[in-house]
Amino acid sequence: MAVDESTPLLENSQAKTKTPLPKVQLGLTLFVLFSEPMSSLYIFPFINQLIRELGVTGGDDRKIGYYAGVIESLFFVTQALTVLYWSRLSDHVGRKPVLLVGLAGLSISNLCFGISREFWAFVASRCIAGALNGNVGVMRSVVGEITDTTNMAQAFTLVPMVFSVGASIAPLIGGGLVKPHDRWPELFSGSFWVRYPYFLSSAISASFTAFSFLIIALFLKESLPSKRRGKSELQEERGSIGGQVDTPGGEDTSPIPIRTLLKTYSVIIPIANYGLLGLVDIGFFALVPLFYATPVEIGGLGLPPFTIGLIMMAFSVGNGLFQVLFTARAIERFGERRVFCSAVLVFFPIIATFPIMSWIVEVQKEVGLAIWVLIFAQLLLWAVVDMAYAVICVLVTRASPDKYSLGTMNGLSQATTSTARAMGPATFTSLFAFSKEYNLLGGNLVYVLLLILLCLLVFLSRRLPELKKDKQ
């Protein structure tokens, strides 16, 4: 083949051609993700009632929040402690076996939760669920391996939508199916349902996860390059991070040691951004319903729980659609780094809306049109901020030194965000109460501390590398 002036142009045009998404394998992978909110969030509507009926508070309802918080957070605490090891294991044995173990663990632990009658048993079942579930980090590795640089961002934008749908459906199942003997006595009239009033919700969640286990076992293809049977294993739907599907003979397929990764600047920067983004975001997520529910005289909006639930559900659905419609296009036009840096800056006006709304309500003595406009603006800007999650997933994936260490990379990043999800809500809600109780900085101390963390996140975001669009 002769080489002339047109050759580089042809190659560049081919490099820019967008690879179609591997729809079947990506859909199966997202199905795994859907199982996590279905298994971890279904208990939230009835957990306070369950604690009250257990009698562990001694009749003091003020202690219900403490015990409920323990059960709610233990899933994320144990997940944070073990997710790195599951991700690391997936670099050795493959993604599919680890995903199957996680799904089996979720199914079994949910059944155990449904037949528990003592507080320690509920605690144990939630710990088992979190400890055996490293699926989120492994799932992101699979997405990185079945896509390439031309369609990776588009694939990752589907993640928040799937999670949002699961987070919306799970509470409906949990709250709608408790105590079936009272709601449908003709169908659930036996003593079993009286003795285990929360079993039906748990069983539905466990059944869904068991169904996911079966589907993944039958149809999901192994994506770890070193474990693929041959060159055609995923050739039909597109290969790995670097477009390399096969493992060259004699190539070292062992993942890079964790200590080496932690000493690598290009690895630590995206992981640090991911962890700090998760901390700031979970802090805001915890403050929103608390601020909306806090009485007006204390500095909140005094909204009823039903209204808050509708607001949060509407946001979940709208946010998922927003990510699908706009995130991939923004990344394609402006690049990953610019989108991430811009998205985190949007946190500043979001946080500022809290004291502004407090001041308006204090003046007007009611939640009027101005407050509803600010709520809409706050949640719309929050959707813009959430664009950063798809971007940071791409940045973490692309920062992997080689394709055999991708599981460890995602394990490290997921461990940081799981830690934030476990510790963040209690920390920021306690700071909110502390600020209001002692009127620190006019009751706004928690927002100031959140802004300090945000400034650190902005600083770290400026250290992220600029990715080359045509890198293959």
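Residues numbered from 1 in each chain as written. Predicted model: local features only at pLDDT ≥ 70, side-chain atom pairs only at ≥ 80, totals over all residues. Heavy atoms only, no water.

Regarding a nonpolar patch on the surface
- On the surface, Leu 172, Met 313, Val 317, Leu 321, Leu 325 and Phe 326 cluster together into a nonpolar patch covering about 560 Å² of accessible area.
- Here the element with the most residues in the nonpolar patch is helix α15 (residues 305-334); it accounts for 5 residues.
- You can see Met 313 is positioned in helix α15. (Patch = residues over 30% accessible without salt bridge, like charges linked within 9 Å, V, L, I, M, F, W, Y side chains within 5 Å. Areas by Shrake-Rupley, 256 points an atom, 1.4 Å probe, with all protein chains shown as cover. Salt bridge = Lys/Arg side-chain N within 4 Å of Asp/Glu carboxyl O. Helix = DSSP H or I, 4+ residues; strand = E, 2+ residues; numbered from the N terminus.)

Topic: the pattern of salt bridges
- For the structure shown, the criterion picks out 4 salt bridges.
- We note a salt bridge from Arg 95 to Asp 91, for which the minimum N-O separation is 2.8 Å.
- Residue classification places Asp 91 among the buried positions, given a relative accessible area of 1%.
- Close ionic contact of Glu 145 with Arg 95 constitutes a salt bridge, the shortest N to O distance being 2.5 Å. Remark: Arg 95 occurs in helix α5 (residues 95-114) and Glu 145 occurs in helix α7 (residues 135-146); sequence separation between them is 50 residues. (Buried < 20%, exposed > 50% of the residue type's maximum accessible area, 1.4 Å probe, protein only.)

Here we look at the environment of Lys 403
- Residue placement: Lys 403 occurs in the loop between α19 (387-398) and α20 (406-437).
- For Lys 403 and Ser 141, which are 262 residues apart along the polypeptide, the C-alpha to C-alpha distance reads 9.4 Å.

Here's the deal with the nonpolar core
- Among the nonpolar cores identified, the biggest contains 115 residues, and Ile 71, Leu 277, Tyr 292, Leu 301 and Phe 340 are the most heavily contacted of them.
- In terms of residues, this core owes the most to one element, helix α14 (residues 265-293), which gives 12 residues.
- Leaving out residues up to four positions away in the same chain, Phe 340 has contacts with Asn 273, Leu 277, Ala 388, Val 391, Ile 392, Leu 457, Ser 461 and Leu 464.
- Phe 188, Trp 193, Tyr 196 and Leu 200 belong to the second-largest nonpolar core, a separate cluster that totals 6 residues. (Core = buried A, V, L, I, M, F, W, Y, C linked by side-chain atoms within 4.5 Å. Contact = heavy atoms within 4.5 Å.)

Here we look at the packing of helix α2 (residues 23-40) against α5
- Interhelical geometry of α2 versus α5 gives an angle of 25° and a closest axis separation of 11 Å. In terms of their interaxial angle, α2 and α5 are classed as roughly parallel. Two packed elements cross with a definite hand, and for α2 against α5 that hand is left-handed. Each of Val 32, Ser 35 and Ser 39 in α2 lies in contact with α5, whose residues at this interface are Leu 99, Leu 103, Leu 106 and Asn 110. (Axes fitted to C-alpha atoms, helices over the stretch in contact; angles between N-to-C directions. Parallel < 35°, antiparallel > 145°, perpendicular 65-115°, else oblique. Left-handed = near helix turned anticlockwise from the far one by under 90°.)

Some words on the packing of aromatic side chains
- One pass over the structure, following the stated rule, counts 24 aromatic pairs.
- Look at Phe 284 and Trp 382: their rings are 4.6 Å apart centre to centre, the planes differ by 90°, and that puts the pair in the edge-to-face class. Residue Phe 284 is located in helix α14, and its partner Trp 382 is located in helix α18 (residues 369-385); the two are separated by 98 residues in the primary sequence.
- Three or more aromatic residues joined by ring pairs make a cluster, and in this case those are Phe 284, Phe 285, Phe 291, Tyr 292, Phe 315, Phe 347, Phe 354, Trp 382 and Tyr 447. (Phe/Tyr/Trp six-rings, centres within 6.5 Å; stacked < 30°, edge-to-face > 60°.)

Things to note about unusual backbone geometry
- At Lys 365, a position not held by glycine, the phi torsion is positive, near 65°.
- Mapped onto the secondary structure, Lys 365 falls in the loop between α17 (347-364) and α18.
- Given a relative accessible area of 64%, Lys 365 falls into the exposed group.
- Phi angles above zero are rare outside glycine, and Leu 441 is one such case at about 55°.
- Assignment of secondary structure puts Leu 441 in the loop between α20 and α21 (445-461).
- Taking relative accessible area as the criterion, Leu 441 reaches 54% and is therefore assigned exposed.

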